[in-house]
Amino acid sequence: MTGTADVGVDRDSDESGSAVPPAPGDEPEGRPASGPTPEVSLIKDLTIKTPTPEKAPESPPQPPAPAPPAPRTEYDPLDDAPHLDVDEPLLAARAHRPSDLIRFLAGVLGIVAVFVLAGIATSTTSGIEQDIATNAPHFSAVLSTITGLVSSVAVLAVPLAFAVERLIKRDGLRVADGVLASVLAYGVSLGIDWWVAEGASEHLREALTRLPLDSNSTLTDPVHGYLAPVIAYMTAVGMSSRPRWRVALWVVVVFSGVTELLGGYTTPLSLMLTVLIGWSVAYGTLYAIGSPNIRPTGQHLMIGLRKVGFTPDGAHRAPDAPGGTRRYHVTQQDGPPLDVHIIDREQQASGFFYRAWRRLRLRSVAVRRSPQSLRQALEQEALIAYAAAASGARAPQLVATSELGPDAAILVYENVEGRTLDELADEEVTDLVMASLWSSVAALHERRIAHRRLTGESLLVVDDKAACLVNLSGGDIAATDLTLRIDVAQLLTTFALRIGPERAVATANAVLGADRVAQALPLLQPVGMSRSTRIDLAKLTKERKAAARARALEQVAAGERTQQQAEEDIAAAGEDLLSRIRGQILQIAPEAPMEPAKLERLKPKSLIMVIALTFAAYLALTTIKPAQLKLSQMNWAWAAAALLAAAFSYVAAAMSLTGFVPERLPFRRTVAAQLAGSFVKLVAPAAIGGIALNTRYLQKAGVRPGQAVASVGASQLAGLAGHLLLLFSFGLITGSQTNGDLSASRAVIIGVLTAAVLALVVAAVAPLRRFVLGRLRSLFFGVVPRMLDLMQTPSKLVTGFGGILLLTLSFTACLDFSVQAFGGDVSFSAVAVVFLTANAAGSAIPTPGGIGPVEVALIGALTVADVSPAVATPAVFLYRALTFWLPVLPGWIAYNVLQRKQAL
């Protein structure tokens, strides 16, 4: 049975989207008239049970008196429909629609654009205002007065009339949403009015306000206090679905705005800002509190099936298909069971940002096409289903399609009993089942049809020998070779996640042949896999590493394995699944292409690089101001000395790293890697970015992963110990030099006591203790054996600890010379205490590079050390410019050079 029909479902029949109960007397035959019966029956157990004989009651219960019929305000097709059992969870009364969030963000971007335009296009906006002011007197004053009066009354009367109409039809929930949105819009309008009047620049104030023609003192409001709430109200109540009301209200809004504009009470940008604020607040409110749910229920589905010609008897909700498509298993009175899919506009809007990011990042061949409308989605899925059936692949037969009202559609498939691959145990995934699925995929590919969703939820196993493909809605017709090869790579990975790469590749080779399997090798990349597959791959790798690390710790502690053998085991366990699949393919096809296919249009690291440079330029322009640097008062000799100290810090950092690596490292390249770290600081906290970069650098230099992590961990541990030792030493020196004034030493003691209290808290709380110990164990795993290896070469230890000492002294010298450059007079030991305490305190806040907290902490600490704020502020800005901002461009160059040389 096939057919297509339009089923009209009134969207306003029920605010919550649930079915309307029938009146007494409308119950189907055989049901007692015991009051209103809900149309949705929540059946908890679908198993047919044999009734057991029970003792008859002594007297039959008397049925209660029938309840009075519920008043009907609007016709609902459920009122005249017979009762059908539907087992489904009750739909939420409100739904948070992604489309509302998208519109809210678009409105916010529009508001930002208006402010930017008001700030930079001053001549254009002032010219438009002058043209309006020049031509305004040509309009009749009487006509302008009448138009203004009528529009002012109508702009309030039309929303009020609509609210009365909605209340009469018992749709007060939408009216309440509109009132809330209008109140919030009024509050936002007042806030922006206050900000423009008190804190905005002169350009913004001139673009958004003006003096009325009949006044000489009071400026107009930047945002209309009554238009923005009215626009928010009309948007929140959903007038878009009621054309007459929408047109009427927009007409009066436009007339009101034009009247205000001609009367000199507003500006063009002020009108744009008013509309955008009302629009944005409305959609933000709707997304925050949720919109009344108008998604069709199971009862609406039953009506739609009857319209197409089926005879449904009952239904129950099945697990959703990929993409959030709702599914129902429907039984019929005189026909086979059905599998019905419901697609709606809300489901289409979900995942918009993820799809947009994938489309921006990947080439079009690696991204599934998304239909632009509900009708296109219906036609696309139907076309794929009919093409799959014609190809000979095992897939459910599509038997009917229908639109279910203006916002939903259904596709009716024959029901195929079975379990998905995700629901099977590993031992149930037999070679025959996999061969059946590979045969169906081969049949699709012969007709140039790509499935694009070959994950476990799309593979339905019928019995121990046969399976079929489901969820073809995201497929492609006339697919390219690359798209078909992505299908093969995806299915190989799906099977390998369950039964290992050996059997997965062997089964594919038996059905497809070695050549077709080998062509998928360049597509075995995480970026080309589905989202769920990427999550499963990362989870599997993490679990394998964790298990191997725990096993290695136990074996090393028991003396069963050496440290080096344990690290080799961990490295072997860290090999990802895709690499193992590639190895199996190369065994059956040694000549398979190894070069990965270019699926990415924009790599994340390139995007991060662009964002980092933009961020750096913005912060440099807004943070480092010539007036604060006071270049005219700076001593250039001391500034040059500070620059040399800052440059020497990279040599010291390279020494501190090479000193804890027994292997030989090229010193120049190591210095370049430390310079590249100055660029990485822009997008990550300094410690985290430096650890990751140095670990990556050591691995590329040939150091095994476990030993690389251990070397960086040893360097960090030694650096922490050196930092505390130097802080304590310089604190004592500073205290002895100040003749009993121990303010700096007191700060050191307070810091040490605070650290001790935190350590006691961590030790006392068991979950926190386990968390910290687990992190430290993973970070410093192998540090002690690594230090024992270094003990055999004392020169390495001297280099490492010497580099840590020189690194701290070079930064301290740079700060001291910066203070001297602006006439400051403070001892070197006091500057050292300031640097060691303030820099650590500022870096504790995880901002990129410590931007903000480090400057505040250093200026405050220098002020406590009796350096005047007039000297401390430019000195700190000079120090940060030399150690953080100036190396950004050389660091970016070093980063790219090392990447091209495969050193990072």
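The paragraphs below set out a description of the structure included in this document. Along each chain, residue indices are assigned from 1 in the same order as the chain's sequence is written. For a predicted model such as this one, the threshold for reporting local features is a pLDDT of at least 70, and the threshold for listing and counting side-chain atom pairs is 80 or more; totals across whole chains, interfaces and linings nevertheless cover every residue. Excluded from the side-chain calculation are hydrogens and water; included are all heavy atoms of the structure.

1. Considering the packing of helix α6 (residues 227–236) against helix α8 (residues 268–289)
Formally: Inter-axis angles, ranging from 0 to 180 degrees, are taken between N-to-C directions of lines fitted to C-alpha atoms, where helices are fitted over the stretch in contact. What counts as a helix is a DSSP run of H or I of at least four residues, what counts as a strand is a run of E of at least two, and both are numbered from the N terminus. Note that the term roughly parallel is reserved for angles under 35 degrees, roughly antiparallel for angles over 145, roughly perpendicular for angles of 65 to 115, and oblique for everything else. With the far helix as reference, a near helix turned anticlockwise by less than a right angle produces a left-handed crossing, and one turned clockwise produces a right-handed crossing. Residues count as neighbours in contact if any of their non-hydrogen atoms are within 4.5 Å of one another. Polar here means any residue outside two lists: the nonpolar Ala, Val, Leu, Ile, Met, Phe, Trp, Tyr, Cys and Pro, and the charged Asp, Glu, Lys and Arg; Gly therefore counts as polar.
At a closest axis distance of 8 Å, the pairing of α6 and α8 adopts a crossing angle of 40°. Regarding the angle of α6 to α8, the classification is oblique. Crossing geometry of α6 relative to α8 is assigned as right-handed. Facing Leu227, Ala228, Ile231, Ala232, Thr235 and Ala236 of α6, the residues of α8 in contact are Leu271, Thr274, Val275, Gly278, Trp279, Ala282, Tyr283 and Leu286. Residue composition of the contact of α6 with α8, grouped by class: 11 nonpolar, 3 polar and no charged.

2. Considering a negative patch on the surface
As a reminder, the rule being used: Residues qualify for a patch when their relative accessible area is over 30% and they have no salt bridge, like charges being joined within 9 Å and the nonpolar side chains of Val, Leu, Ile, Met, Phe, Trp and Tyr within 5 Å. The Shrake-Rupley method, run with a 1.4 Å probe, gives the accessible areas here. Residue values count only the displayed protein chains as cover. For this document, the term salt bridge refers to a Lys or Arg side-chain nitrogen within 4 Å of an Asp or Glu carboxyl oxygen. This count recognises Lys and Arg as positive and Asp and Glu as negative, with His and chain-terminal groups excluded. The atom standing in for a charge is NZ when the residue is Lys, CZ when it is Arg, CG when it is Asp and CD when it is Glu. Buried means the residue's accessible area, taken with a 1.4 Å probe over protein chains only, is under 20% of the maximum for its type, while exposed means over 50%, and partly exposed covers the values in between.
Together, Asp422, Glu423, Glu457 and Asp536 make up a region of like negative charge exposed at the surface. Within the fold, Asp422 resides in the loop between β10 (419–420) and α13 (431–446). The exposure class of Asp422 is exposed, given its relative accessible area of 52%.

3. A look at the pairing of strand β8 (residues 398–404)
Put simply, the test is: We treat two strands as partners when DSSP finds at least two bridges between them.
Of all 7 residues in β8, 7 are buried; the element is thus mostly enclosed. In terms of strand pairing, β8 meets strand β9 (residues 408–414) through 5 bridges, oriented antiparallel. Note on β9: the bridge partner recorded for Ala400 is Val412.

4. As for helix α22 (residues 636–658)
Put simply, the test is: Here the expected span of a helix is defined as 1.5 Å times the quantity of residues minus one. In protein, a polar contact means a hydrogen-donor-capable atom and an acceptor-capable atom, both N or O and within 3.5 Å, with residues adjacent in sequence counting only if both atoms are side-chain atoms; elsewhere, any N or O pair within 3.5 Å suffices.
The terminal C-alpha atoms of α22 lie 34 Å apart, and with 23 residues this matches the ideal 33 Å at 1.5 Å per residue to within 8%. Where α22 begins, one side-chain oxygen reaches toward the backbone nitrogen of Ala637, 3.0 Å away; that side chain belongs to Asn635.

5. Focus on the pattern of salt bridges
Summed over all chains, the structure comprises 11 salt bridges. Residue Arg448 is joined to Asp481 by a salt bridge in which the shortest nitrogen-to-oxygen separation is 2.6 Å. Here Arg448, found in the loop between α13 and β11 (449–450), pairs with Asp481, found in helix α14 (residues 481–499); they are 33 residues apart in sequence, far enough to count as distant. Take Arg448: its relative accessible area is 33%, and that puts it in the partly exposed class. Taking relative accessible area as the criterion, Asp481 reaches 49% and is therefore assigned partly exposed.

6. Description of the nonpolar core
To keep it simple, the criterion reads: Side-chain atoms within 4.5 Å are what join buried Ala, Val, Leu, Ile, Met, Phe, Trp, Tyr and Cys residues into a set we call a nonpolar core.
Among the nonpolar cores identified, the biggest contains 51 residues, and Trp438, Leu459, Leu469, Leu492, Phe495, Ile581 and Ile585 are the most heavily contacted of them. Sorting the residues of this core by element identifies α12 (374–391), α13, β12 (459–461), β13 (467–469), α14, α15 (501–512), α16 (514–519) and α19 (577–588) as the ones contributing at least two each. Setting aside residues up to four positions removed in sequence, Phe495 forms contacts with Leu421, Met434, Leu437, Trp438, Leu459, Gly500 and Ala504.

Remember, this is a structural readout, not a statement about activity or role.
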